[in-house]
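# Descriptive analysis of the structure
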Amino acid sequence: MLSFAQIQLLRWRCLSVSKILMKGNEAIARAAVAAGCDAFFGYPITPQNEIPEYLSKLMKEHGRIFVQAESEVAAINMVYGAAGSGARVMTSSSSCGIALKQEGISYIAGSELPCVIVSVMRAGPGLGGIQPSQADYFQATRGGGNGDYYVVVLAPESIQETVDLMKQAFEIADLYRNPVMVLADGLIGQMMEAVDLDKPVKKRHIEPKTYAAIGTDYHEGRNIINSLGLDPVYLEQHNLALERKYKEIIKHEVQYEMYNMDHAEYIIVAYGTVARISRSAIDELKEQNIHVGMIRPITLWPYPKKAFDLIPKSVKGLLVVEMSLGQMLDDVQIANKGRFKIAFYGRAGGMVPEPEEIVDAILHFDEKVVD
Amino acid sequence: MIRYERTKGLTDLHTHYCPGCTHGILHKLVAEVLEELGVLGKTVGVASVGCSVFSYDYINTDFQQVAHGRACAVATGIKRVLPDRIVFTYQGDGDLASIGIAETIHAANRGENITVIMANNATYGMTGGQMAPTTLIGQKTTTSQEGRNIKQHGRPMKISEIFSQIEGAAYVERTSMHNIAHINKTKKAIKKAFTYQMENKGFTLIEVVSTCPVNWGMKPREALDWSKEHMLPIFPLGVYKDVMKS
């Protein structure tokens, strides 16, 4: 058994090879600091508690802002205030906590402010459980806030990708002045992997935040952060402007991975932790001489519909695998445009599928086909 | 010699407030104070949901308009990022004492260096005169049509008394708008609150007993008299907390 000091020493030595072994939640916290996050506002909820715990220390060390709010509702509204003041700002939470933030997220989207929201999904509905789940796909991509708005949703499958997507999230948020959610699950949050925190990500050209309400001495005219529009003629124009922005995001920000597509008989569609497990299933199937490819959406909104246009006609069908009872399935059915048979395999309640279960679902594809 | 000049703290827009409503005068007091303290250009206001939601149109500073009850959380976010600016919220009794009580109490408890202006007119004005947490016992509203009763609705919430107990609060005063003398006292209280904020003393709250003639079903003058006769015994005026005197 290694002592705490020995573990720290090992980690320090790892630094020299630029990779550090760390837990997903710690990586999220460190990536936020590396991405220049000015302020964090959050409220405790399992399985993401290490994020505010690490940030409470890290942000202080870097002379930045950390506030533990009185509720998720307050936290997201502090995010709104800080974002309206021109800061790079984030919050983190999990499922039921994200539900409480939805009103604030709608206001942030409506007022066109940038922020990053980390959601480390647990099982639901209601208080549910604290084990990993993907049952908040709808919550993330469709949102529970009011009005016509979208949140960019990034879904990592490893700790390294979590770090990279965290950095990207701040850039995308600032570029489009829109909330960006990094959607992980309890497994990503809790597992440990070696990561390179310094791996560069694409820098965007971000205009100065001239919209920020920082006092009229500091800019021309008056800046008012607002989502109120009682005049329907005005509000429709605002909605249309948001729509134009969302179309730009759809055009430029779709990310996905196509894996093992050569000679594929079936295609698995999976994201996050389940995509990771599906890789093992694909390897096992290969040993049985069954070639299976995978489409792994990295952006869940905008959904990588165009990836589905690239599927060759020879493919027998698509198997959607989720840690839910079928939420991304809707998007796959839309993207598929009726071309291929679609089967579904899901686990719920915090149960994580074994690779063998996914192998079995491919072997019994026809039994799993959905209408 | 110029005896009176309109404050630069107000924009030129006409307000949407009903005849006899005290919001207009209260806006002017805030605006005058910010101008007199020389901080108009360094101030960020937070407009809450309620009749005063459009205060960002009338008070001539930068503003954030926020969700119902969340003003003090948003103000916290602003002030933490911009500690050298003046940050204030302008809220009604429904917004602050009901849906926003948690955000307000915790902002006070953290000692957030912000100023809260709360207009207490014992009703939800914008939505048409429903019962508020501050509605008086026996007072008829659209959701307490036989008058508020203790058994069903509890008693009116006394915000200044509650906040006087919060250690992070630096200054809490309740004032009234029912006559010119008290309007002047209100201005003095507001000025003290903003001065305390400029001196980094912490959370300041001015609860202003106001009127809502339309929803109360009264003429403006009657409403002022009613507020004096019926509200002030329940909501006594005075300084409830002053960190410099305790």
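The 8 strands are arranged β10(A)-β2(B)-β1(B)-β3(B)-β4(B)-β8(B)-β7(B)-β9(B) in an open sheet whose pairing can be described as mixed. The open sheet is flanked by β10 (224-225) of chain A together with β9 (238-242) of chain B, the only strands paired with a single partner. For strand β7 (residues 169-176) of chain B and β9(B), the ladder comprises 4 bridges, and the chain directions are antiparallel. For V172(B), the partnering residue across the bridge sits in β9(B) and is K241(B). Seen against the sheet, helix α1 (residues 23-36) of chain B touches β1 (43-47), β3 (86-92), β4 (115-120) and β8 (203-209) of chain B and runs at an angle of roughly 160° to β4(B).

Residue and element names in this part refer to chain A. For helix α3 (residues 50-61), which comprises 12 residues, the first-to-last C-alpha distance of 17 Å matches the rise-based estimate of 16 Å (1.5 Å per residue) to within 8%. Within α3, the full set of buried residues consists of E50, I51, P52, Y54, L55 and M59. The elements touched by buried residues of α3 are β1 (20-23), α2 (24-34), β2 (39-42), β3 (65-68), β4 (89-93) and β5 (115-123). Positive phi appears at G63, one or two residues downstream of α3, with a value of about 65°.

What follows is about the sheet that holds strand β12 (residues 266-269) of chain A. Residues and elements named next belong to chain A. Sheet architecture is open: 5 strands sit in the order β11-β13-β12-β15-β16, paired in mixed fashion. Strands at the two margins of the open sheet, each flanked by one partner only, are β11 (256-259) and β16 (341-346). Strand-to-strand, the axes of this sheet are offset by a mean angle of 20°, without reference to chain direction. Direction of pairing for β12 relative to strand β13 (residues 292-297): parallel, over a ladder of 4 bridges. Pairing of V269 across the sheet is with I295, part of β13. Across the sheet, helix α10 (residues 272-287) touches β12, β13 and β15 (317-322), and the angle it forms with β13 is around 170°. Contacts from helix α13 (residues 355-363) reach β12, β13, β15 and β16, with the element oriented near 150° to β16.

All names here are of chain A. Close contact between α10 and α13 brings their axes to 8 Å; oriented N to C, the two are set at 60°. In terms of orientation, α10 lies oblique with respect to α13. Where α10 crosses over α13, the handedness of that crossing is right-handed. Note on element contacts: α13 touches α10 through P355, I358, V359 and I362, opposite I277, S278, S280, A281, E284 and L285. Partitioning the contact of α10 with α13 into residue classes produces 7 nonpolar, 2 polar and 1 charged.

All names here are of chain B. Closest axis-to-axis distance for the helix α3 (residues 71-81)/helix α5 (residues 101-109) pair is 7 Å, and the angle between their directions is 40°. The angle between α3 and α5 falls in the class oblique. Residues C72, A73, A75 and T76 of α3 form the contact with α5, whose participating residues are E103, T104 and A107. For the contact of α3 with α5, a count of residues per class yields 4 nonpolar, 2 polar and 1 charged.

With that settled, consider the nonpolar core. In this structure, V79(A) and I268(A) are the most contacted members of the largest nonpolar core, which totals 181 residues. Counting contributing residues per domain, this core is built from domain 1 (16-195) and domain 2 (257-368) of chain A, each supplying no fewer than three. Excluding residues within four positions of it along the chain, V79(A) makes contact with F41(A), V89(A), T91(A), G104(A), I108(A), C115(A) and G77(B). Of all hydrophobic cores here, the second largest spans 5 residues; its members include C21(B), C212(B), A223(B) and L224(B).

Interfaces are often sized by the accessible area lost when the parts come together. Each partner contributes residues to the interface: chain B has 27 residues there, and chain A has 33 residues. Only β1, β2 (62-65), α3 and α5 of chain B provide two or more residues apiece to the side of chain B that touches chain A. When residues in the side of chain B that touches chain A are grouped by element, the largest group, 8 residues, is from α3(B). Residues that form the side of chain B that touches chain A fall into these classes: 13 nonpolar, 8 polar and 6 charged.

All names here are of chain A. Domain assignment breaks chain A into domain 1 (16-195) and domain 2 (257-368). Centre-to-centre, using C-alpha coordinates, domain 1 lies 27 Å away from domain 2. Grouping the constituent residues of the side of domain 1 that touches domain 2 by class yields 17 nonpolar, 6 polar and 2 charged.

On to unusual backbone geometry. All names here are of chain A. Cis geometry marks the peptide bond from T46 to P47, where omega comes out at 10°. Relative to the helices and strands, P47 resides in the loop between β2 and α3. The step from W301 to P302 runs through a cis peptide bond, and the omega angle for that step is 0°. Topologically, P302 is positioned in the loop between β14 (299-301) and α11 (305-309). With phi around 55°, N260 is a residue other than glycine that occupies positive phi space. Secondary-structure assignment places N260 in the loop between β11 and β12.

This paragraph deals with α1(B). Residues and elements named next belong to chain B. Here α1 spans 20 Å end to end across 14 residues, near enough to the 20 Å set by a 1.5 Å rise per residue. Among the residues of α1, those classed as buried are H23, L26, H27, L29, V30, A31, V33 and L34. Tucked inside the fold, the buried residues of α1 contact β1, α2 (55-58), β3, β4, α8 (180-198) and β8. Taken from the residues just after α1, G38 is the one with a positive phi, measuring 70°.

Conventions and cut-offs
- Residues numbered from 1 in each chain as written.
- Chains lettered and ligands numbered in written order.
- Predicted model: local features only at pLDDT ≥ 70, side-chain atom pairs only at ≥ 80, totals over all residues.
- Pairing = 2+ DSSP bridges.
- Helix = DSSP H or I, 4+ residues; strand = E, 2+ residues; numbered from the N terminus.
- Contact = placed C-beta atoms within 7 Å.
- Axes fitted to C-alpha atoms, helices over the stretch in contact; angles between N-to-C directions.
- Expected span 1.5 Å × (residues − 1).
- Buried ≥ 20, exposed ≤ 12 C-beta atoms within 10 Å, placed from the backbone.
- Parallel < 35°, antiparallel > 145°, perpendicular 65-115°, else oblique.
- Left-handed = near helix turned anticlockwise from the far one by under 90°.
- Nonpolar A, V, L, I, M, F, W, Y, C, P; charged D, E, K, R; others polar.
- Core = buried A, V, L, I, M, F, W, Y, C linked by C-beta atoms within 7 Å.
- Domains from an automatic or database assignment.

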